Amino acid sequence: MAPASSEIKSAASRVRLADSSQLSRIALPGTLLLCFVIAAGLGFYAMSYLRAVLVQERGKHLTSTAAAMTQTLDRVLFERYTDIRLLANESLIREGTSQAKTNRLLQYKRLYRYYSWLGLTDATGHLIASTDQPLPQGTVETIPEWHTILQREPVRLLFDLFDADSREPGGGPSVGFAAPIHDSTESFQGVVASRVPIDRLKPILEQESRLREGKDDIHDWLLLDQKGTIVIEKLPPNSPGETNRPLLRSSALAMADPNPGFVEEMDERRQVPVLTGYARTKGYDSFRGFDWIVLIRVDRAHAYAPIDRLVWTVGGIGLLVTVPLTGFGIWASWKLGREHRNVMTARQDLEHSVKELARSNAELQQFAYVASHDLQEPLRMVSSYTQLLAKRYRGRLDADADDFIGFAVDGAARMQKLIQDLLAYSRVGTRNLERQAVSMDSVLEYATDMLQLVIKGTDAAVTHESLPSIKVDERQMTQLFQNLISNAIKFRGQEPPRIHVSATRLDGEWLFSVHDNGIGIEPQYADRIFVIFQRLHNRDDYPGTGIGLAICKKIVERHGGRIWMESEPGKGSTFFFTVPDGKEPA
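This is a predicted model, so every value here is computed, not measured.

1. Remarks on the overall build of the chain
Part 1 of the reasoning: Per the secondary structure count, the chain includes 12 helices and 17 strands.
Part 2 of the reasoning: Buried positions account for 40% of the 586 residues belonging to the chain.
Part 3 of the reasoning: By sequence separation, contacts in the chain at least 24 residues apart represent 65% of the contacts at least 6 residues apart.
Part 4 of the reasoning: Here the chain displays about 32,700 Å² of accessible surface, and carbon together with sulfur accounts for 57% of that area.

2. Thoughts on the side chain of aspartate 74
Part 1 of the reasoning: As for its position among the elements, aspartate 74 is in helix H1 (residues 2-88).
Part 2 of the reasoning: Despite being buried, aspartate 74 has no salt bridge partner; lysine 282 is the closest side chain of opposite charge, sitting 8.4 Å away.
Part 3 of the reasoning: Within the structure, the side chain of aspartate 74 is placed 3.1 Å from the backbone nitrogen of glycine 283, a separation counted as a polar contact.
Part 4 of the reasoning: Not counting the four nearest positions on each side in its chain, aspartate 74 is found in contact with Thr281, Lys282, Gly283, Tyr284 and Phe287.

3. As for the sheet that holds strand S8 (residues 261-267)
The strands making up a sheet associate through backbone hydrogen bonding, with each pair oriented either parallel or antiparallel.
Part 1 of the reasoning: An order of S7-S6-S10-S9-S8 is seen for the five strands of this open sheet, with the pairing classed as antiparallel. Both edges of this open sheet fall to strand S7 (230-233) and S8, since each of them pairs with a single strand only. Neighbouring strand axes in the sheet, compared pairwise and without regard to direction, differ in orientation by 30 degrees on average.
Part 2 of the reasoning: For S8 and strand S9 (residues 272-280), the ladder comprises seven bridges, and the chain directions are antiparallel. Of the residues in S9, the one forming a bridge with phenylalanine 262 is glycine 277.

4. Let's talk about the confidence of the model for the chain
Part 1 of the reasoning: Residue-level pLDDT values for the chain average 76, and 73% of them are 70 or greater.
Part 2 of the reasoning: Note that pLDDT drops below 50 for residues 1-5; the model gives that stretch zero contacts with residues more than four away or on any other chain.
Part 3 of the reasoning: Here residues 239-246 scores under 50 on pLDDT; set against residues more than four positions off or in separate chains, the count is 13 contacts.

5. Quick word on the packing of helix H9 (residues 440-450) against helix H11 (residues 474-490)
Part 1 of the reasoning: Where H9 meets H11, the axes come as close as 8 Å, and the angle between the chain directions of the two elements is 55 degrees. By the angle class used here, H9 and H11 are oblique. Between H9 and H11 lies a crossing of right-handed hand. Contacts between H9 and H11 involve Met440, Val443, Leu444, Tyr446, Ala447, Thr448 and Met450 from the first element and Glu474, Met477, Thr478, Phe481, Gln482 and Ile485 from the second.
Part 2 of the reasoning: Counted by class, the contact of H9 with H11 contains nine nonpolar, three polar and one charged residues.

6. Focus on the sheet that holds strand S15 (residues 509-515)
Part 1 of the reasoning: Strand order in the open sheet formed by five strands is S12-S14-S15-S17-S16, and the pairing between neighbours is mixed. Where the open sheet ends on each side, the last strands, each with one partner, are strand S12 (461-464) and strand S16 (563-567). Across the sheet, the axes of successive neighbouring strands diverge by a mean angle of 20 degrees, strand direction being ignored.

7. Some words on a nonpolar patch on the surface
Part 1 of the reasoning: Taken together, Leu34, Ile38 and Leu42 make up a surface patch of nonpolar side chains, about 310 Å² in accessible area.
Part 2 of the reasoning: Following the sequence through the fold, leucine 42 ends up in helix H1.

8. Structural notes on the packing of aromatic side chains
Part 1 of the reasoning: Applying the stated criterion across every chain yields a total of nine aromatic pairs.
Part 2 of the reasoning: Ring geometry for phenylalanine 481 against phenylalanine 512: centres 6.4 Å apart, planes inclined by 80 degrees, an arrangement best described as edge-to-face. One end of the pair, phenylalanine 481, is in helix H11; the other, phenylalanine 512, is in strand S15, and 31 residues separate them in sequence.
Part 3 of the reasoning: On the accessibility criterion, phenylalanine 512 (0% relative accessible area) is buried.
Part 4 of the reasoning: An aromatic cluster is defined as three or more aromatic residues linked by ring pairs; in this entry it consists of Tyr108, Tyr112 and Tyr115.

9. Focus on H11
Part 1 of the reasoning: The first and last C-alpha atoms of H11 sit 24 Å apart over 17 residues, in line with the 24 Å expected at 1.5 Å per residue.
Part 2 of the reasoning: Those residues of H11 that sit buried are Gln476, Met477, Thr478, Leu480, Phe481, Asn483, Leu484, Ile485, Asn487, Ala488 and Ile489.
Part 3 of the reasoning: The N-cap residue of H11 is aspartate 473: its side-chain oxygen and the backbone nitrogen of arginine 475 are 3.1 Å apart.

The rules behind the values
- Residues numbered from 1 in each chain as written.
- Predicted model: local features only at pLDDT ≥ 70, side-chain atom pairs only at ≥ 80, totals over all residues.
- Heavy atoms only, no water.
- Helix = DSSP H or I, 4+ residues; strand = E, 2+ residues; numbered from the N terminus.
- Buried < 20%, exposed > 50% of the residue type's maximum accessible area, 1.4 Å probe, protein only.
- Contact = heavy atoms within 4.5 Å.
- Areas by Shrake-Rupley, 256 points an atom, 1.4 Å probe, with all protein chains shown as cover.
- Lys, Arg positive; Asp, Glu negative; His and termini not counted.
- Salt bridge = Lys/Arg side-chain N within 4 Å of Asp/Glu carboxyl O.
- Polar contact = N/O pair within 3.5 Å; in protein donor to acceptor, adjacent residues only side chain to side chain.
- Pairing = 2+ DSSP bridges.
- Axes fitted to C-alpha atoms, helices over the stretch in contact; angles between N-to-C directions.
- pLDDT = per-residue confidence, 0-100.
- Parallel < 35°, antiparallel > 145°, perpendicular 65-115°, else oblique.
- Left-handed = near helix turned anticlockwise from the far one by under 90°.
- Nonpolar A, V, L, I, M, F, W, Y, C, P; charged D, E, K, R; others polar.
- Patch = residues over 30% accessible without salt bridge, like charges linked within 9 Å, V, L, I, M, F, W, Y side chains within 5 Å.
- Phe/Tyr/Trp six-rings, centres within 6.5 Å; stacked < 30°, edge-to-face > 60°.
- Expected span 1.5 Å × (residues − 1).

This is the structure in structure tokens:
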């Protein structure tokens with residue numbers, strides 16, 4: 001029943017191992033794939049966030065460009081506003097002849113190319129000098145009106161935007177400025193007026209947008225009045241009616257919010273989505289301005305193109321990095337899972353083999369012990385009766401019978417010795433180690449006492465240095481020294497045996513050496529002599545069973561040490577063995 005139970009447990013263990021390996025083989029790649037999906041999701045979220053940030057930056061840049069254009073527009077109009085005031089204070093304008101005044105106005109027009117017309121009226125409102133004839137549309141109606149206002153309020157400057165009904169001869173709206181003329185006594189003498197076509201401001205706005213936005217083929221800009229009607233724009237309208245068409249979302253936002261900003265909207269003319277930055281003019285110093293709105297627009301496709309390229313480049317690089325790494329991780333995890341499964345299987349097989357080997361060794365040792373023990377009694381009977389035959393009938397039979405009886409006696413004796421040694425070998429492995437602190441000097445002395453007859457018979461000498469006290473099995477250590485010393489005496493040379501025992505302290509263990517001056521052996525046989533029943537010499541020359549050194553090896557290994565031999569033929573041998581310093585064997 002026990003073997004069957006063991007097989008069932010082993011099979012159940014293998015099933016659990018297979019299930020565990022299958023689970024690990026699926027779980028690890030699945031975990032890596034889940035991590036990749038999470039990383040990809042986070043990457044897409046990060047790219048979306050980056051795209052939104054870059055869009056905000058692009059919108060802010062358009063907003064700053066629109067604000068800069070409004071500031072430039074306010075500055076240029078303020079300069080024209082100041083020009084008319086300075087011109088009204090010139091002595092030539094106040095005191096010169098009509099022709100001199102006309103020449104001065106023409107000179108001023110040539111000097112400042114913004115102006116399309118400049119003119120003067122007298123105190124009664126009649127035009128007395130101008131740069132152009134006929135007068136621009138709206139001038140005849142406007143000058144008397146301005147003349148009346150400035151005559152009533154002599155410290156005031158006037159400016160106005162001439163709308164679509166009051167266009168220049170060349171087409172397009174214009175801005176008018178007017179200032180009162182006073183003599184030295186501050187008496188009102190007339191009005192000086194000017195007209196600045198909006199088209200002549202277009203290069204200034206174009207230059208400002210080009211400086212900030214670069215290429216002029218990917219953006220558009222518009223100038224709107226405070227009602228949201230187009231005053232001037234970069235791209236010409238497709239039809240005359242489009243100029244008066246107000247824009248919707250961006251202009252509404254600009255009129256509602258005095259602060260600059262940007263918005264995504266649809267270009268109604270081209271029906272394409274655009275990104276629009278907007279800002280309002282605020283005037284300059286004493287010039288309060290016209291409260292105009294500047295829009296600068298970029299097609300969303302052009303605005304987002306570099307952003308999308310950057311985002312997709314970053315995303316592509318991320319994918320190029322993460323996809324191979326994830327693939328490699330899945331492949332490596334699959335391979336590691338397979339190797340782990342193989343290792344676990346091998347480990348289980350090894351554990352099973354170790355258990356089987358331990359069981360087999362235990363059974364073998366038990367068998368050797370029982371066999372050798374049970375063979376003792378019949379072997380003693382055989383040995384006793386063969387010896388009795390030899391004693392009673394030796395010389396009474398023929399020579400062959402005497403030889404046969406001798407062979408039988410010798411064989412029985414050798415068999416008895418072999419069984420005794422085999423029993424001693426099996427006992428080394430079956431007996432429990434009884435470790436205790438023992439003086440190795442005492443152990444060596446007891447071993448030599450048991451060999452006194454052999455030592456005296458061969459005139460051998462056993463010397464030793466001071467040996468330590470360590471935790472060992474005293475009986476087995478005595479047997480160890482006894483076997484090594486008797487081995488040295490057995491394989492002696494021509495000189496009387498000289499045996500020396502010493503010990504050296506190493507890291508965590510003691511190294512013992514047993515040196516003799518015997519016959520020695522070839523180095524290639526140094527490991528073979530520790531194998532049971534292995535002999536290097538003829539039994540007639542050196543009797544023995546070949547078990548003594550095998551017993552020594554087994555004793556040392558049971559104590560957690562090692563044993564080896566160094567020798568040279570004709571120069572003796574040295575047996576080394578180690579014993580841990582108070583540590584239990586692994």
